[in-house]
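Reading the structure
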Amino acid sequence: MLTKDESPLTKGYQPVVWNFKLLAHDMLGGFGGMGEGMSVQIAPDGRRIIWLAHESAPKNFTAVDVSDPRKPKVVCQTDLPHANMRSNSLETCGNLMAVAYQTSKKDLKPAGFELFDISKPENPKSIALFDCSGPHSRGVHQLWFCDGEFVHCASGSRDFVPTNPNDDQFYRCVDVRNPSKPVEIGRWWMPGTRQGDNIMPPPRHPIDKGYRAHNTNVYPQRGDRCYLAYIDGGMFVLDISDKANPKKISHWTNSPPYTGFMHTVVPLFDRGLMLVTDESTENNCKDWPKLIWVLDARDETNLVPIATCPMPDHRIYAQAGRFGAHNIHENVPLPTAWKSDQIVLGTFFNGGLRAYDISNPYQPKEVGIFMPPAPPGAPTGTIQMNDVFVDERGIVYTVDRHVGGLYILEMDF
Amino acid sequence: MLDLFPSREAGPFGRRLKRERGARIPVTVVTGFLGAGKTTLIRRFLVSPEGQGTAVIVNEYGTVGIDDALLRGSADQTVLLGNGCVCCITRSDLQLALRQLLIDREHGVVPRFARVVIETSGLADPAPILQTFSTDRALGGEFHIDVLLAVVDAVNGESSLDGAAEARKQVILADRVVISKTDLAAGGDVERLSRRLHKLNPRASVDGAVGGALDVEHFIVPAGTERGGFIAEAEHSDGISSFVLEWQQPLEWLVFARAMETLLALRGADLLRVKGFLDVTGCQGPVVVQYVQHLAHPPVELQIWLDQKRSSRVVFITRGILEAQVRDLFVAVANLGAKPANGP
């Protein structure tokens, strides 16, 4: 029998492929550090284009023709105006794309989001820039845009002075029905995080990542709800039936004792369930465990955690880079996205991409792993799988955070 | 679970799977009489690209050292499982070995393996091994037998089949049969043996191997997925026979389940292996059913009908049970009007 020291898993992340088939891998021209924006467009000429946000400068976004998933082809790759910003998030809806701009410091520009006409994928044309810059703002970290009408985003604002500098981004709803003139129509922030609030600011976490918005998901099944992850503040269900005046319906947090950074909330409407993810943001498991949680959400006012997706022994992964939950496939309400309330696919940085069967939500079961070898030049010496998207054909796209670019897979379970 | 958390995506048998094994670990069971050449075949498979990441469980000690794979000994031992029926006597050491593999894998003590090959002892009856994987209570939740392979020695195979009921049963229950050492036997002998094996098990392909060389697909391509492979009635030795029941119209699950429950209750010990695809009323894809003596595998609904031809076919390998008796039982249950109340 192999001893622990002889195990390939402890030697430096040998590839593990379990119930996935790798169809293609594209390093994206040497700019393979990818963020958490992935969206599939069927272009007017019939090509299937996946648009990818980059983790950091110099690149803005990359478009890849994945009509044949075995032969991806980069058709467009754009540059950011400067190095002190990033476009971490994007979404497409038809031939319209929204790209989030976040600056590294307050009061830099451009900070906000930009709308593009992508009817010709090789030549995206800017339609408008929605400015969110300000003395206390870094702009937009993440956005949600699926209906062609409203951009829901985690954003700062010129007129928003946070009680703590880390709490600069909150929920904003922007009307883009006239895409050349986006207009904010509503906002919500966690009480106590804005100067002038009549309650005390929330206590800081030992690893302080801010009480600020992250994912801002809205689905047509409940168009009057926003499922809002709020990093160190946990998550909120908002009533947005009056978009100008969002109201809190419920709140759930796992921290403390966990270490904050709640990232994504995905409701599974038919089942009365909710998936909530944390994000690992520290290397070497300093913030372990970061998990995918399953909540009983049959009563949206009383969310009950009932399970987490099982993780491998973290000591095996604690040697380099991040390890833990991050993005999951979000059942984006577009025809080009796969929808499932039985399977959860999530990225776990050096834990790769993992799939879970949640048919029994009390006992999620791991059914697939894709943990490729460290791509050439990986600064942590490991894969750092960052985001995942599944198209309506069931083709899985997943990206590395640093250098590995795009991996295209088939589910085999 | 569907009562509390319903899903339109799931069918009455749960999540629809792409293939029968779903996400479970595929298992290849290699049977064969003493000296048939099982170890040589396995060794050749392990050095092939497809054999990488295979864990091996050997039913006998000291058989062979295998590089790049796990080698576990699991000596013969029989124990009585919970319900006390003699059909449930199975190898607890095999269960323990497989469970330990899972535990070690989760702890990172052993690498992630993608397949398990079990080499049985020469005298082993395959039925208890099949039972080991039949239910969640056993190992059916984690492992799935993709292939049951029987190895028959071209030189001594005839005499083994003549002299040992175990050897015959190994062939009768197999998904695939391999004749080994064909280079050491006269051509006529191999042909005669091949005909006999076909007669014993018309469902299984019979292929030759020289020096352990065998198409690796025999080890890894799941058996029983080709519905054309189900051959109609065949008479075997030892009172064993096989036959196929077919239904062109969709089946009510309750009719099928009740008929099988009756059959299992009355003659479970004589149902050596039952496997098939059902076109069940209300289901989107084929429902795969499998029984080994009185143990039933949980039914699995697949996502699609691969051949677009919806019909039900079930092969029965039985001892002392006639096709007409089983057919009459299904007709009788259907005539009683058993209707599904709320699915299975």
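The structure presented is a predicted model; accordingly, all values stated were derived computationally and were not measured. (Residues numbered from 1 in each chain as written. Chains lettered and ligands numbered in written order. Predicted model: local features only at pLDDT ≥ 70, side-chain atom pairs only at ≥ 80, totals over all residues. Heavy atoms only, no water.)

Helix and strand counts for chain B stand at nine helices and 14 strands. Every one of the 344 residues in chain B was classed for burial, and the buried ones make up 58%. Long-range contacts, defined here as pairs at least 24 residues apart, represent 74% of the contacts in chain B between residues at least 6 apart. Accessible surface for chain B amounts to roughly 14100 Å². Of this, 55% is attributable to carbon and sulfur atoms. (Helix = DSSP H or I, 4+ residues; strand = E, 2+ residues; numbered from the N terminus. Buried < 20%, exposed > 50% of the residue type's maximum accessible area, 1.4 Å probe, protein only. Contact = heavy atoms within 4.5 Å. Areas by Shrake-Rupley, 256 points an atom, 1.4 Å probe, with all protein chains shown as cover.)

Along its length, chain A carries zero helices and 29 strands. Radius of gyration (C-alpha) of chain A: 20 Å, near the 22 Å computed for a compact globule of 413 residues. Dimensions of chain A along its principal axes, counting C-alpha atoms only, are 65 × 50 × 40 Å. Split into buried and exposed, the 413 residues of chain A put 64% on the buried side. For chain A, the exposed surface amounts to about 14200 Å²; the carbon and sulfur share of it is 51%. Separation of charge centres in chain A, based on 41 positive and 47 negative side chains, amounts to 2 Å. (Rg over C-alpha atoms; globule rule 2.2 N^0.38 Å. Lys, Arg positive; Asp, Glu negative; His and termini not counted. Charge placed at Lys NZ, Arg CZ, Asp CG, Glu CD.)

The next point concerns the interface of chain B and chain A. Chain B puts 30 residues into the contact, and the matching count from chain A is 37 residues. Carbon and sulfur atoms make up 54% of the area that chain B and chain A hide from each other, which totals about 2700 Å². For the pair chain B and chain A, the number of links is four salt bridges. One salt bridge connects R15(B) with D357(A), and the closest N-O pair in it is separated by 2.9 Å. Applying the counting criterion to the chain B and chain A interface returns 15 residue pairs in polar contact (both at pLDDT 80 or more). (Buried area = accessible area lost by both parts, 1.4 Å probe. Salt bridge = Lys/Arg side-chain N within 4 Å of Asp/Glu carboxyl O. Polar contact = N/O pair within 3.5 Å; in protein donor to acceptor, adjacent residues only side chain to side chain.)

If you look at the biggest cluster of nonpolar residues, it comprises 84 residues, and the most contacted ones within it are F113(A), M274(A), Y397(A) and L406(A). Those residues in contact with L406(A) that lie beyond four places of it in its chain are A24(A), H25(A), D26(A), L28(A), M38(A), I50(A), L52(A), V64(A), Y397(A), T398(A) and V399(A). Among the nonpolar cores identified, the runner-up in size contains 54 residues, and A97(B), L101(B), I118(B) and V177(B) belong to it. (Core = buried A, V, L, I, M, F, W, Y, C linked by side-chain atoms within 4.5 Å.)

Right, let's talk about the side chain of S155(A) for a bit. Tracing the chain through its elements places S155(A) in strand β13 (residues 150–155). Of note is the side chain of S155(A), whose polar atom sits 3.3 Å from the side chain of R172(A).

Residues and elements named next belong to chain A. Summed over the entire model, instances satisfying the criterion amount to 43 salt bridges over all chains. With a closest N to O distance of 2.8 Å, R354 and E366 form a salt bridge. Of this pair, R354 sits in strand β25 (residues 353–357) while E366 sits in strand β26 (residues 365–371), and the two are 12 residues apart along the sequence. On the basis of relative accessible area, R354 is assigned to the buried category, the value being 1%.

Let us look at the sheet that holds strand β3 (residues 34–42) of chain A. Residue and element names in this part refer to chain A. Spatial ordering of the open sheet is given by β3-β4-β5-β6, a layout of four strands whose pairing is antiparallel. At either end of the open sheet lies a strand with only one pairing partner, and these are β3 and β6 (73–79). Strand after strand, the sheet turns through a mean of 20° between neighbouring axes, direction not considered. In the sheet, β3 pairs with strand β4 (residues 48–54) via six bridges, with the strands oriented antiparallel. Each bridged residue has a counterpart across the sheet, and for I42 the counterpart in β4 is R48. (Pairing = 2+ DSSP bridges. Axes fitted to C-alpha atoms, helices over the stretch in contact; angles between N-to-C directions.)

Taken as a whole and judged by the stated rule, the model has 28 aromatic pairs over all chains. Between Y317(A) and F323(A), the aromatic rings sit 4.5 Å apart at their centres with planes inclined by 10°, giving stacked as the arrangement. Residue F323(A) is classed as buried on the basis of its relative accessible area of 1%. Linked through ring pairs, F13(B), W247(B), W253(B), F256(B) and F330(B) together constitute an aromatic cluster. Between K59(A) and the ring centre of F31(A), over which it is positioned, the NZ or CZ distance is 4.5 Å. In this structure, K243(A) packs its charged tip against the face of F150(A), placed 4.7 Å from the ring centre. (Phe/Tyr/Trp six-rings, centres within 6.5 Å; stacked < 30°, edge-to-face > 60°. Lys NZ or Arg CZ within 6 Å of the ring centre and 35° of its normal.)

Turning to helix α5 (residues 165–173) of chain B, a few remarks are in order. Summarising burial for α5(B): seven of the nine residues are buried, a large majority. Of all the positions in α5(B), only A167(B), R168(B), K169(B), Q170(B), V171(B), I172(B) and L173(B) are classed as buried.

Turning to the sheet that holds strand β17 (residues 222–229) of chain A, a few remarks are in order. Residue and element names in this part refer to chain A. In spatial order, the strands read β16-β17-β18-β19; together these four strands make up an open sheet with antiparallel pairing. Each end of this open sheet is capped by a strand with a single partner; those strands are β16 (216–219) and β19 (247–252). Mean inter-strand twist for the sheet, computed between neighbouring axes without regard to direction, equals 20°.

Everything listed here is a matter of coordinates, which is why it stays silent on function.
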